[in-house]
Amino acid sequence: MLYEQTYSKFLSFKGEPLRQGRQKIHPYPAMLHPLLVDYLIDQYANKNSVILDPFSGSGVSLLQSGLKGYPSYGFDINPFALLISKAKTTNYDLELLEKDIKEIQSEIKKCEKVDIPEIKNIDYWYSQSVQNSLGRIRYCLKHGSYHYPELLKTCFALVCRDQSYTRKGEFKRYRIKADKIEKRKDEVMRRFCNHLETILEVIKESDKEILSPRHFFDTSENIGQYHLEYDLIITSPPYGDSHTTVAYGEFSSFGLEWVNDCINISSEYRIDKQSVGRKRSIAKGLLENKILNDTLELIKHQDESRSIEVLYFFNEYLIILENVLNQLPKNGIACYVVGNRRVKGIEIPTDQITAEMMEKCGMSIKEILVRDISNKVMPSKNSPSNRVGEKDKTMSFEYIVVGNKE
Ligand SMILES: C[S@@+](CC[C@H](N)C(=O)[O-])C[C@H]1O[C@@H](n2cnc3c(N)ncnc32)[C@H](O)[C@@H]1O
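Along each chain, numbering runs from 1 in the same order as the chain's sequence is written. At least 70 in pLDDT is required for a residue's local features to be given in this predicted model, at least 80 for side-chain atom pairs to be given and counted, and no such filter applies to totals for whole chains, interfaces and linings, which use all residues. As a convention, hydrogens and water are excluded, and side-chain values are obtained from all of the structure's heavy atoms.

Asker: Outline the UniProt feature "coiled-coil region" (unreviewed entry) in the chain, supporting the account with residue identities and numerical values.
Answerer: UniProt positions are given in the numbering used here, feature names are shortened, and annotations may be inferred rather than shown by experiment. The UniProt feature table records "coiled-coil region" (unreviewed entry) at residues 87-114. Between the end C-alpha atoms of residues 87-114 there is a gap of 25 Å, over a span that is 71% helix and 0% strand. In this description a helix means any DSSP run of H or I spanning at least four residues, a strand means any run of E spanning at least two, and both kinds are numbered starting from the N terminus.

Spelled out as structure tokens, the structure:
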């Protein structure tokens, strides 16, 4: 190995739930552990730090930064991730929030109208009764006037997924078996009301001033246009292209198809296609990365087309890395939390590839920490050949690559 790794038992946070406090508002695939974010902030922030997460997902890093009083910026290409993140990082006036919750609870009981959006294969994914119940809540959300619509929509989205026929514990859309479908009841109203109550309690318990972040979309665009100033990056990029690894878009699609016209996006399925790995023009310097090149050669011997997919993934990974490191001032710090996935049985040393890329972008590598990720919500197995049924081990460690701008 070129760059030294240091295993930290302390950072495994055994027994500390991944979703605690406001992180319970909505789950998201491959969430950062909030205590890891706290640790990195305590280690590397100074009192005037501004934090950037270029792949902010459900906003774990942004919430932890805000709770500690640091300003932050988050980028994510998935509008559903931004919705969750905004719901988690808003400062709520508890009286107004309680008023919103009481109002929507009473409206949905009285409402006789439904608003069911056009959803492809809707009957395959939802019973008629569930469609009507969700349609009623959606009607009230669209026509009511609420102080915190983002939180209400996030809670609604959770129920849309929960009450669909998709299997729990999967990020992709897989329908449950027919015998389970027969036993399913319409629990939309109960689940929605209960979730609102739970979240109200969570927000009451965590009633602490949060410095709310600013949210943006795509980090592979020129982010210099926003003139953001930050000196600490804490992020966890995707592990690979969404097609073969974590399908953030598919995970989000159940909520999105019911709230998308409320949050102004056109197609939920495009997200995974737009995620890192879509750019086809190869970035200058990409193939000078020796560790990446050696890995690609190994994969190429097994399967040339998979090695090209991996190449395209790291191509855009590098473009974004350069984009965000360019704006980092001297002595600024970047913490990239990555996983080393396998393709065709070959481990991709993303930590080493990231460290080599960071060095080429003018950073010196401070450390690579290694931690257990037994807590993380990830499928424990993936399909190495990309064929249904064939499984391989996925990652059980996470690597935190820390670089310092020279
Ligand atoms: C590992 S997840 C981040 C999870 C996040 N740390 C959390 O705790 O919820 C990676 C995220 O990168 C986002 N993403 C992929 N391509 C992107 C791009 N070009 N610009 C911004 N975000 C992108 C995905 O939508 C996904 O939410």
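Asker: For the site of the ligand, give the residues involved together with the corresponding values.
Answerer: In the neighbourhood of the ligand, 25 residues make up the surrounding shell, with Tyr 28, Leu 32, Ser 58, Asp 76 and Thr 219 lying closest. Any N or O atom pair separated by 3.5 Å or less is treated as a polar contact, with the protein-specific requirement of one donor-capable and one acceptor-capable atom, and with residues adjacent in sequence counted only for side-chain atom pairs. The contact in question runs from a nitrogen atom of the ligand to an N or O atom on the side chain of Asp 218, over 3.0 Å. Contact with the protein chains removes 100% of the 600 Å² of surface that the ligand exposes when unbound. Any residue that is not Ala, Val, Leu, Ile, Met, Phe, Trp, Tyr, Cys, Pro, Asp, Glu, Lys or Arg is counted as polar, Gly included; the first ten are nonpolar and the last four charged. Here the residues of the shell around the ligand are counted per class, giving 14 nonpolar, eight polar and three charged. The near set for a molecule or strand comprises every residue that places at least one heavy atom within 4 Å of it. Each accessible area is a Shrake-Rupley result for a 1.4 Å probe, and residues are judged covered by the shown protein chains and nothing else.

Asker: Now, about the pairing of strand S5 (residues 232-235): what can you tell me, with residues and values included?
Answerer: Neither face of S5 is open: one carries Leu 232 and Ile 234, the other Ile 233 and Thr 235, and all of them are buried. Two strands qualify as a pair provided that DSSP identifies no fewer than 2 bridges between them. As paired elements, strand S2 (residues 51-53) and S5 share two bridges and run parallel to each other. Looking at the pairing, Ile 51 lines up with Leu 232 of S5. Bridge count for S5 against strand S6 (residues 333-338) is four bridges, and the pairing is parallel. Paired with Ile 234 across the two strands is Cys 335, which belongs to S6. The classification of residues rests on relative accessible area computed with a 1.4 Å probe and restricted to protein chains. Under 20% of the type maximum is buried, over 50% is exposed, and intermediate values are partly exposed.

Asker: Let's hear about the side chain of Ser 58: which residues, and what values?
Answerer: Among the structural elements, Ser 58 can be located in the loop between S2 and helix H2 (60-67). Every residue pair with non-hydrogen atoms within 4.5 Å of one another is taken to be in contact. Residue contacts for Ser 58: discarding those within four places in its chain leaves Tyr 28, Met 31, Ala 81, Ile 84, Ser 85 and Lys 88.

Asker: Now, about the pairing of strand S12 (residues 397-405): what can you tell me, with residues and values included?
Answerer: The element S12 is extensively covered by neighbouring structure, given that eight of its nine residues are classed as buried. As paired elements, S6 and S12 share six bridges and run antiparallel to each other. Counterpart to Tyr 336 in the pairing with S12 is Val 401. As paired elements, strand S9 (residues 363-372) and S12 share nine bridges and run antiparallel to each other. Paired with Asp 372 across the bridge in S12 is Phe 397.

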